[in-house]
Amino acid sequence: MPENDQTAVSRREALGAMTVAGAAPFLLGSAALASQSGSLGWDFAAKRYTLPTLSYGYDALEPAIDADTMRIHHTKHHAGYVRGLNRALENLEAMRESGDAAMIKHWSRELAFHGAGHLSHTLFWLGMAPAGEGGGGGGEPTGDLAKAITRDFGSFAKFKAQFIAAASSVEGSGWGWLVHEPVAGRLMIAQAEKHQNLSVTGAVPLLGVDVWEHAYYLRYQNRRADYITAFFDVIKWGEISARFDASRGKAGG
Ligand code: MN3
């Protein structure tokens, strides 16, 4: 089979695998953690979304992200999105039972906000690791992801500059994302407002940085760009590469 056909098949498979707001393909990169109960944000036994356990301590990302911020962010903010997502699903189920759709816009909006909030945070935690030798965080990507970054942005330095500029300038609360757009098979940098707005439909999120003030204000105050620059010291590129492979239908080799 010519390489072009193979690439097209992989893209079709990646698109076909996209379910539940794209959750399946972009979490496949975390397969190694899937055996830990609840680590991916879904409780298979209870059939409810759940706050994922972190694979590192709240102080493990110091000095890039301080322990107090991590603890509050995970146990208060993220936990709130998990509750909001489960509540939206329960109310939508109740609406189907009652046949009364008067609140459909409200609960659909709640589903989008809290669903995107929960899944974005789950990806955020999994995409970081303690900096330096043995920790797994920081440095630069290797392999196919490194090649794709050079192809689509010119160089890693140009990618990093655009990512920091985009994430720094999100209007209000939101996220900066590196995404893989599987139709063209290219990488893009996207801004998200709140959790759910401005997304490129079908694009698979690979690397995200939370730029809500709750993510950095204790240590960085108004210096959002300094926080995003420090975030690069704790990016777990091995995880981001695994997501890139999964989004191209290359999970597990
Ligand atoms: Mn947050």
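Treat the numbers as computed from the prediction; the structure is a model and nothing was measured.

K.L.:
Please give an account of the overall build of the protein chain that cites residues and values.
P.N.:
A tally of helices and strands in the protein chain yields nine helices and five strands. Counted from the first residue to the last, the protein chain has its helices and strands arranged as α-α-β-β-α-α-α-α-β-β-β-α-α-α. Per-residue burial over the protein chain gives 47% buried out of 253 residues. Summed over its atoms, the accessible surface of the protein chain is roughly 12,400 Å², and 54% of this surface lies on carbon and sulfur atoms.

K.L.:
Hey, could you go over the coordination of the manganese ion for me, with residue numbers and the actual values?
P.N.:
The coordination sphere of the manganese ion contains the protein donors His73 (NE2), His121 (NE2), Asp210 (OD) and His214 (NE2), at a distance range of 1.9 to 2.2 Å. Each donor residue of the manganese ion lies on one chain, and together they are spaced H-x47-H-x88-D-x3-H. Note that histidine 121 is positioned in helix 4 (residues 104–126) and aspartate 210 in strand 5 (residues 204–210), a separation of 89 residues in sequence. Histidine 121 sits in the buried class, given a relative accessible area of 0%.

K.L.:
Requested: an account of the nonpolar core, with residues and values cited.
P.N.:
Residues Phe159, Phe163, Tyr227, Phe231, Phe232 and Trp237 are the most contacted members of the largest nonpolar core, which totals 50 residues. Broken down by element, this core gets its largest block of residues, six residues, from helix 6 (residues 156–168). Residue-level mapping places this core at the junction of two domains, with at least three residues from each of domain 1 (11–126) and domain 2 (143–247). Ignoring any residue separated from it by four or fewer positions in sequence, one finds phenylalanine 232 in contact with Gly138, Gly139, Phe156, Phe159, Lys160, Phe163, Ile164 and Trp237.

K.L.:
Which residues make up the sheet that holds strand 5, and what are the values?
P.N.:
Read from one edge to the other, the open sheet built from three strands follows the order 4-3-5, with strand pairing classed as antiparallel. Lying at the two open borders of the sheet, with one neighbouring strand each, are strand 4 (186–193) and strand 5. Sheet twist, expressed as the mean angle between neighbouring strand axes with direction ignored, is 20°. Examined bridge by bridge, strand 3 (residues 174–181) and strand 5 share six bridges and lie antiparallel to one another.

What counts and what doesn't
- Position numbers for residues start from 1 in each chain and track the written sequence from start to end.
- It should be noted that, the model being predicted, local features are given only for residues of pLDDT at least 70 and side-chain atom pairs only at 80 or more, the latter also being counted only at that level, while totals for whole chains, interfaces and linings use all residues.
- Side-chain numbers here rest on the full set of heavy atoms in the structure, without hydrogens or water.
- In DSSP terms, a helix is any run of H or I states spanning at least four residues, a strand is any run of E spanning at least two, and both are numbered starting from the N terminus.
- Accessibility here uses a 1.4 Å probe with only protein chains present; expressed as a share of the type maximum, an area under 20% marks a residue as buried, one over 50% as exposed, and anything in between as partly exposed.
- Accessible surface is estimated by sampling points in the Shrake-Rupley manner with a 1.4 Å probe; for residues, cover comes only from the protein chains shown.
- A 2.8 Å cut-off from the metal defines N, O and S donors, relaxed to 3.2 Å for Na, K and Ca; water is not in the atom list, so some sites may appear incomplete.
- We call a set of buried Ala, Val, Leu, Ile, Met, Phe, Trp, Tyr and Cys residues a nonpolar core when their side-chain atoms join them within 4.5 Å.
- Marked domain ranges trace back to an automatic or database domain assignment.
- Pairs of residues are marked as contacts when any of their non-hydrogen atoms sit within 4.5 Å.
- Strands are labelled as partners when DSSP assigns at least two bridges between them.
- What counts as an axis is a line fitted to C-alpha atoms, over the stretch in contact for a helix, and the angles between N-to-C directions run from 0 to 180 degrees.

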